[in-house]
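# Descriptive structure summary
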Amino acid sequence: MLPLNMVLCALTCISYSTAYNSIDDNIAEWLDETCYDIDPPEIRNGNALVTIEWSDRNSYMAATYSCIDNYELNLKGDRTLFCMNGLWLGNIPECVLADDDSEFKDCETYEGCSHFCNGETGKCQCYKGYTLNSTDFKSCEDIDECKESNGGCSHKCHNMRGEYICTCNDGYEIDEEDGHTCVDIDECADPELSADCQAGCDNLVGSYKCRPTMVGRVELNDINGFPSDEVLCKSGFQLSPDGSECQDINECELVDKDSKTGRESPRYCGHKCENTVGSYICHCPEGYHLLEDRQSCALNGRNRPAIIIPKAIECPSGFEPSADGSKCQDIDECKLMKSSNPKHHPCQQMCENSEGSFRCHCSKGYHLLKDDRSCASDPCPPGFERSSDGLKCQDINECELANRICHHGCTNTNGSYICHCKEGYHLRKDKQNCDRNIICQPGYTPSADGTRCQDIDECKLMKSSNPKHHPCQQMCGNAEGSFRCHCSRGYHLLKDNRSCALDPCPPGFERSSDGLKCQDINECELVNRICHHGCTNTNGSYICHCKEGYHLRKDKQNCDRNIICQPGYTPSADGTRCQDIDECKLMKSSNPKHHPCQQMCENAEGSFRCHCWRGYHLLKDNRSCALDPCSPGLKRSANGINCQQIDYATSWKICTPMQHPPNGRAICRELKTLHGFNSYVCDFICDVGYALIGSSSRSCGRSGIWNGSDSVCVGIQMLPSSYYKQVIRPIFNSPQNTERSTQSYSSYSYDAELQGPKPRRMASMRHTSTSYDRVGIPLS
């Protein structure tokens, strides 16, 4: 026996090897031929061919799987399993319905086939589970597999379209290995299935039996003082139908019938009855009380029992006075069984006390005699006889009797026998004599009882290790009295109806050098170029591509130049028409410079429109947004978005600090007044390549509100061309740029109010300017 780690390694290596249809010699060394009597696992819609393979070191058995027509192996399994120590190793494959290939249905002569047309024969053919209609030879009819031998199902067969399934009777479940056989369910192994058994259960074929409980049983001892197997029930219980246990008697359901009137009345309780285990309790309605008999009811205040002074009483047979002499109590005669003198025993074997009397019982295998006290052995059942010591019954061997019972052969069983017949004979209905078997036609063999002919499954010979014994070269399908051969996908059946040959390759494929499979033709490498511009090879075909600015014609090979579109439009994928450019998609870019709008964008046919958030307004460039000014008496909140009431009593410094605009700077200064209130003035300049939109200078006084409009620096390239004239102007002079000393330079700013140039000299700031062309683009 190989160690567990070697087996696991073998499984892994075999799975890897079979995926590439090869086996390493080191792995093959572990394999053997010990699976002669073990069939490889069966799969639906497929077969396994067992062969003997050779390596450099030893020989071993291999089972190669293939599928029937219109099915193919699932790549998740292994095509081949290998034998080792009596086990088939590998992943069991699965046959799945093959993809419909166009060549199977493209039969011009036989159009309209329900399933597919056989390209070899030119006739319609059906999938497995269907048969061709003998009238129109095109449509396919379902085969009812259940009509023939119940489909091989043990219990129930359910026909379905193209297949069938087996189900089982209650108490059975289907065997997952073959899908046909029904096996018994062990209900006792599952507490949920045997929840009604309180003392456990014993499994039966197709059912189960609850073990008897000891509730309500009288504990009996045999003559030797050992517990007896006999079941004797206490008062309030009765023996179950099978005699195995005591069951509670529901006294509340018992009634007595008047022989004269036929009326029925409760046997025990006059009003309400409550059943208990082994007894019952009577109840009275409100205003009534229970009498001494514990069954009848009377109105309160009536029929109350009188107080009686106890006096000496005389008791009947089987009773004796109680200790206080007020009543009679039962005598337990069975206590005498404990006496050491058998003469004092009321019963020979077992005793059961009863009210005022007793009953005798016998052990299993004995019966009570007429004196109701003594016991005698029971007669033995048929097929048994009393042993020499007379204590037990033993089997009779009928096969050794002088008068021979069986015609041919005999096998003794416990309490009976079984007769057998010689080969070629079968047993009659009397189960003793034999008759000669029936003679069957070719393709059939006599049944086990020899009374009828049954089909021979020739396909079972496919499991033989000798290919000479195989009825078919590749796959076999058994039929009533015969068989049919099938070929694997890619093969077709020859005229001998047994051998298979390779199918011709479909278009776009050619036979490989070894002639075993079809391989793709690379059309892109052919001498005669197929595609006008570019070519990509695919499995069984090719795809042509065109250069940028061209599109593919309807012939899928030649290319034409794309159409030229107006601004705001771009050619379609096929280059035949113009389609709108969605400029707003640029808003998703992580770089704000690529955004067509500062805040929100709406696409339009051939163009786009920009929008601003609430509290902002669109500037003249139709792209940028600025905050709306606050109303008089209000100032901008700390977050710079909302407007809030000005509190003059808190401080004189109520002006909100001015922030630097993006891509520019705010240069602010504080001006003192005679009234003690300081005002502020801020001037704005923009970075190179940006123009100022809005006020170039803003001030804040006693109101706490900055005058003018918001100052924004906008990229010059984002300004519409219509704004270029008289918009870019110098705002102040600055020193010469030392890098370009041969020319004069000035700084420029975009004036939203278009009121002409506003030169400013900034004494506190040194500014080096950059030269611009007429549209404000920096010159390099």
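Residues numbered from 1 in each chain as written. Predicted model: local features only at pLDDT ≥ 70, side-chain atom pairs only at ≥ 80, totals over all residues. Heavy atoms only, no water.

### Focus on the overall build of the chain
Stated formally: For helices the rule is a DSSP run of H or I covering at least 4 residues; for strands it is a run of E covering at least 2, with both sets numbered from the N terminus onward. Only protein chains enter the accessibility calculation, which uses a 1.4 Å probe. A residue is then buried if its area is under 20% of the maximum for its type, exposed if over 50%, and partly exposed in between. What makes two residues a contact is simply this: any of their non-hydrogen atoms within 4.5 Å. Every accessible area reported is derived by Shrake-Rupley at a probe size of 1.4 Å, with residue values counting cover from the shown protein chains alone.
Regarding its fold elements, the chain presents three helices and 63 strands. Buried residues in the chain amount to 30% of all 780 residues. Within the chain, residue pairs in contact and separated by at least 24 positions form 31% of the contacts whose partners lie at least 6 positions apart. Here the chain has roughly 51400 Å² of accessible surface; of this, 50% comes from carbon and sulfur atoms.

### Remarks on the pattern of salt bridges
Quick reminder of the rule: For this document, the term salt bridge refers to a Lys or Arg side-chain nitrogen within 4 Å of an Asp or Glu carboxyl oxygen.
Evaluated as defined, the whole model comprises nine salt bridges. Arginine 267 is paired through a salt bridge with aspartate 256; the nearest N and O atoms lie 3.0 Å apart. One end of the pair, arginine 267, is in the loop between strand E20 (264-266) and strand E21 (272-276); the other, aspartate 256, is in strand E19 (residues 255-257), with 11 residues separating them in the sequence. A relative accessible area of 33% means that aspartate 256 is categorised as partly exposed. Of the charged contacts, one joins aspartate 683 and arginine 669 as a salt bridge, the two residues approaching to 3.1 Å between their closest N and O atoms. Separated by 14 residues along the polypeptide, aspartate 683 in strand E58 (residues 679-686) and arginine 669 in strand E57 (residues 664-671) bring together distant segments of the chain. What makes aspartate 683 buried here is its relative accessible area of 7%.

### Digging into a negative patch on the surface
Basically, it comes down to this: Exposure above 30% relative accessible area and the lack of any salt bridge qualify a residue for a patch; like charges then connect within 9 Å, and the nonpolar side chains Val, Leu, Ile, Met, Phe, Trp and Tyr within 5 Å. Two residue types count as positive, namely Lys and Arg, and two as negative, namely Asp and Glu; His and chain ends fall outside the count. In plain terms, the charge of a residue is placed at NZ if it is Lys, CZ if Arg, CG if Asp and CD if Glu.
A cluster of acidic residues, Glu173, Glu176, Glu177 and Asp178, forms a negative patch at the surface. On the secondary structure map, glutamate 177 appears in the loop between strand E13 (172-174) and strand E14 (182-184).

### A short note on the sheet that holds strand E1 (residues 46-54)
Convention followed: By the convention used here, strands pair only if DSSP detects at least 2 bridges between them. Only C-alpha atoms enter the line fits that serve as axes; for helices the fit covers just the stretch in contact. Angles between N-to-C directions range over 0 to 180 degrees.
Judged by pairing direction, the sheet is antiparallel, and its four strands sit side by side in the order E1-E2-E4-E5 without closing on themselves. Two strands bound the open sheet, and with one partner strand each, they are E1 and strand E5 (87-89). Neighbour-to-neighbour, the strand axes of the sheet open up by a mean angle of 30 degrees, direction not taken into account. Judged from the nine bridges that link them, E1 and strand E2 (residues 59-67) form a sheet pairing that is antiparallel.

### As for the sheet that holds strand E60 (residues 697-700)
Read across the open sheet, the three strands follow the order E57-E58-E60; overall the sheet is antiparallel. Two strands bound the open sheet, and with one partner strand each, they are E57 and E60. Across the sheet, the mean angle from the axis of one strand to that of its neighbour is 20 degrees, orientation sign disregarded. Looking at chain direction, E58 and E60 are connected through four bridges and run antiparallel. Across the sheet, tyrosine 680 pairs through a bridge with cysteine 700, a residue of E60.

### Let's talk about the packing of aromatic side chains
What counts, and what does not: Ring geometry is summarised as follows: Phe, Tyr and Trp rings, the Trp one being its six-membered ring, pair when their centres sit within 6.5 Å, and such pairs are stacked at plane angles under 30 degrees, edge-to-face over 60 and tilted between the two.
Overall, the coordinates contain three aromatic pairs when judged by the stated rule. Pairing tyrosine 60 with phenylalanine 82 gives two aromatic rings, centres 5.9 Å apart and planes at 55 degrees, and the pair type is tilted. Here tyrosine 60 is found in strand E2, whereas its partner phenylalanine 82 is found in strand E4 (residues 80-84), with 22 residues between them in sequence. The burial state of tyrosine 60 is the same as that of phenylalanine 82; both residues are buried. Between tyrosine 268 and tyrosine 280 the ring centres are 4.7 Å apart and the planes differ by 35 degrees, which places this aromatic pair in the tilted class.

### Observations regarding the nonpolar core
Condition: Side-chain atoms within 4.5 Å link the members of a nonpolar core, which is a set of buried Ala, Val, Leu, Ile, Met, Phe, Trp, Tyr and Cys residues.
Counting residues in each nonpolar core, the largest one holds 16 residues, and the members touching the most others are Met61, Tyr65, Trp88 and Cys95. If you list the elements that add at least two residues to this core, you get E1, E2, strand E3 (71-73) and E4. In terms of residue count, E2 provides more of this core than any other element does, four residues in total. Ignoring sequence-local partners within four residues, the contact set of cysteine 95 consists of Ile43, Arg44, Asn45, Gly46, Ser66, Cys67, Tyr71, Glu72 and Leu73.

### Some words on the confidence of the model for the chain
Put simply, the rule is: The quantity called pLDDT is the predictor's confidence in a given residue, expressed from 0 to 100.
When pLDDT is averaged along the chain, the result is 77; 79% of the residues meet or exceed 70. Mean pLDDT across the secondary structure elements of the chain bottoms out at strand E63 (residues 746-750), with 34, and peaks at E14, with 93. This stretch, residues 1-5, has a pLDDT under 50; its non-local contacts, to residues over four places away or in other chains, come to four contacts. Counting contacts from residues 100-110, a segment whose pLDDT is below 50, to residues more than four positions away or on other chains yields 14 contacts.

### Points about the side chain of serine 387
In this fold, serine 387 is placed in the loop between strand E31 (384-386) and strand E32 (393-395). Taking the relative accessible area as the measure of exposure, serine 387 reaches 8% and is therefore buried. Non-local contacts of serine 387, meaning those with residues more than four positions away in its chain, are made with Lys392 and Gln394.

### Thoughts on the pairing of E21
Relative to strand E22 (residues 279-283), E21 runs antiparallel, the two being bridged by five bridges. Bridged to asparagine 275 within E22 is tyrosine 280. Linking two consecutive strands that pair antiparallel, namely E21 and E22, is a turn of two residues; a positive phi of about 85 degrees is found at glycine 278 within it.

### Some words on the environment of cysteine 459
When you line up the elements, cysteine 459 lands in the loop between strand E38 (453-455) and strand E39 (475-479). On the basis of relative accessible area, cysteine 459 is assigned to the buried category, the value being 13%. C-alpha separation for the pair cysteine 459 and asparagine 47, spaced 412 residues apart in sequence, amounts to 9.8 Å. Residue contacts for cysteine 459: discarding those within four places in its chain leaves Cys476, Gly477, Asn478 and Phe483.

### Some thoughts on the environment of serine 374
Let me state the cut-off plainly: Definition of a polar contact: a pair of N or O atoms within 3.5 Å, with one able to donate and the other able to accept a hydrogen when the atoms are protein atoms, and with sequence-neighbouring residues admitted only if both atoms are side-chain atoms.
Among the secondary structure elements, serine 374 is positioned in the loop between strand E29 (366-368) and strand E30 (375-377). You can call serine 374 partly exposed: its relative accessible area is 22%. Serine 374 sits 13 residues away from histidine 361 along the chain, and the two C-alpha atoms are 8.7 Å apart. Each residue touching serine 374, except ones within four places of it in the same chain, is listed here: Gln348, Cys362, His367, Leu368 and Leu369. A distance of 2.6 Å separates the side chain of serine 374 from the side chain of aspartate 371, its partner in a polar contact.

### A short note on the state of the cysteines
Note the following rule: Here, two cysteine sulfur atoms that lie within 2.5 Å of each other are counted as a disulfide.
Scanning the entire structure with this criterion turns up 34 disulfides. Residue cysteine 252 pairs covalently with cysteine 273 via a disulfide, S to S 1.9 Å. With the S-S dihedral at roughly -75 degrees, the linkage between cysteine 252 and cysteine 273 falls on the left-handed side. Residue cysteine 252 is located in the loop between strand E18 (246-248) and E19, and its partner cysteine 273 is located in strand E21; the two are separated by 21 residues in the primary sequence. Of the residues examined, cysteine 252 reaches a relative accessible area of 28% and is grouped as partly exposed. Residue classification places cysteine 273 among the partly exposed positions, given a relative accessible area of 25%.

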